[in-house]
Amino acid sequence: MQLEELTLHNYRNYEDTTLHFSSHINVLLGENAQGKTNMLEAIYVLALARSHRTANDKELINWQATAAQIKGRVRKNRGTVPLELDLATKGKKAKVNHLEQARLSSYVGQLNVILFAPEDLQIVKGAPQKRRKFLDMEFGQMSSKYLYNSSQYRKILKQRNRYLKDLHNHVSQDKVYLGVLSDQLAAYGAEIIAQRLALLEQLEHFAAQIHAEISRGQEQLVFQYQTAIPEVNRGSVEELYQYLRQQYERLEAKEIMQATTLLGPHRDDLAFLVNDKNVAAFGSQGQQRTTALALKLAEIDLMKQQTDEYPVLLLDDVLSELDDYRQTHLLTAIQNKVQTFLTTTSLSGVQEELLKAPKVFQIANGRVKEEIDD
């Protein structure tokens, strides 16, 4: 999978820009606050119809405009697909092959991207919601079923929490309706947990191999999915559903008292163990960086396995965060394998022998001033 062309209209600090990319490594070069990350973000938004930097789409629109547009031409195994995302203050429209999509779930997955940025270290050592967001964003790209289930789960969870609050405040008293919401939440929650467990098993397989290579065989990486559901109840979607449904009945009084849903995938977490120790709590900074790098590289292999297409890799100022050894491993692993977009303020910090014939875009003040093919 490759992004051949990108057109931005009134997107952040880009007024009208069209770029054609290399199928290998594309370097976005420029000083800070000039638009490099905005360009990378635009590719991410084109893929996922949402930004990784803000939940407010209005921030993506140039301050002098009322609407923005991102267009891209994606080459896949089965041919070329034009994508278009129109952003306005009233909402957004997504088009595939010039046809507007009624659901974003039918749009997401047309362009698969993996973003690796310095803040991704928070996936390893940050709060649980960082890891849950990681799982939902990445697995949602790989599976339209997962994307749909997680979207429905969030919607039902919001309704259920609102109704629990009504029961808590004695605004409502109908427990039958709570039961209906509990049944729906258990059904979608069971699907999500089952898919997470299956995909994490594959992701762990790839990540453990990569981690062992980077650590020269000295460390073993293991994933641990942390949920309140006992191992014995994780055998199938039906078993997961039955357990969640029973627990919602058991916890009913407590949840009404606290006015919130206490069980489900929105409460689960993922731990990374290196040599049997939680790397977030007991790992060195080097071990945490190695784990984050292994995780991102493993995503490439998992996405290829799940979609039969390699994703596009976005590296936002990440090389400056890696030492020479990890930098070498990263660039060697992706060379001639995936189309890559790399932001940097200078190429002097990058090992030049590892960047074979990159296409360089010099960016200043939202303008691509020069293209250089080395």
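Residues numbered from 1 in each chain as written. Predicted model: local features only at pLDDT ≥ 70, side-chain atom pairs only at ≥ 80, totals over all residues. Heavy atoms only, no water.

Quick one: what's the story with the pairing of strand β1 (residues 2–11), residue by residue and with numbers?
With 7 bridges joining them, β1 and strand β4 (residues 67–76) adopt antiparallel strand pairing. Within β4, the position partnered with L3 by the bridge is V74. Connecting the antiparallel pair β1 and strand β2 (residues 14–20) is a turn made up of 2 residues, with R12 showing a positive phi of about 50°. (Pairing = 2+ DSSP bridges. Helix = DSSP H or I, 4+ residues; strand = E, 2+ residues; numbered from the N terminus.)

Explain the packing of aromatic side chains residue by residue, including any values.
Overall, the coordinates contain 6 aromatic pairs when judged by the stated rule. For the ring pair F21 and F341, a centre distance of 4.7 Å and an interplane angle of 90° mean the geometry is edge-to-face. Of this pair, F21 sits in the loop between β2 and β3 (25–29) while F341 sits in strand β13 (residues 340–344), placing them 320 residues apart in sequence. The residues F21 and F341 share a single accessibility class, namely buried. Where F21 meets F361, the ring centres are 5.5 Å apart and the plane angle is 70°; that geometry is what we call edge-to-face. Of this pair, F21 sits in the loop between β2 and β3 while F361 is found in strand β14 (residues 359–364), placing the two residues 340 residues apart along the sequence. Accessibility expressed as a relative area gives 10% for F21, which makes it buried. Judged by its relative accessible area of 0%, F361 is buried. Every member of this aromatic cluster is reached through a ring pair, and the members are F21, F341 and F361. It is K304 that lies over the ring of Y310; its NZ or CZ is 5.4 Å from the centre. (Phe/Tyr/Trp six-rings, centres within 6.5 Å; stacked < 30°, edge-to-face > 60°. Buried < 20%, exposed > 50% of the residue type's maximum accessible area, 1.4 Å probe, protein only. Lys NZ or Arg CZ within 6 Å of the ring centre and 35° of its normal.)

Pulling in residues and values, what's your account of a positive patch on the surface?
Together, R50, K130, K133 and R154 make up a region of like positive charge exposed at the surface. Looking at where K133 falls in the secondary structure, it is placed in helix α3 (residues 128–142). By relative accessible area, K133 is classed as partly exposed at 42%. (Patch = residues over 30% accessible without salt bridge, like charges linked within 9 Å, V, L, I, M, F, W, Y side chains within 5 Å. Areas by Shrake-Rupley, 256 points an atom, 1.4 Å probe, with all protein chains shown as cover. Salt bridge = Lys/Arg side-chain N within 4 Å of Asp/Glu carboxyl O. Lys, Arg positive; Asp, Glu negative; His and termini not counted. Charge placed at Lys NZ, Arg CZ, Asp CG, Glu CD.)

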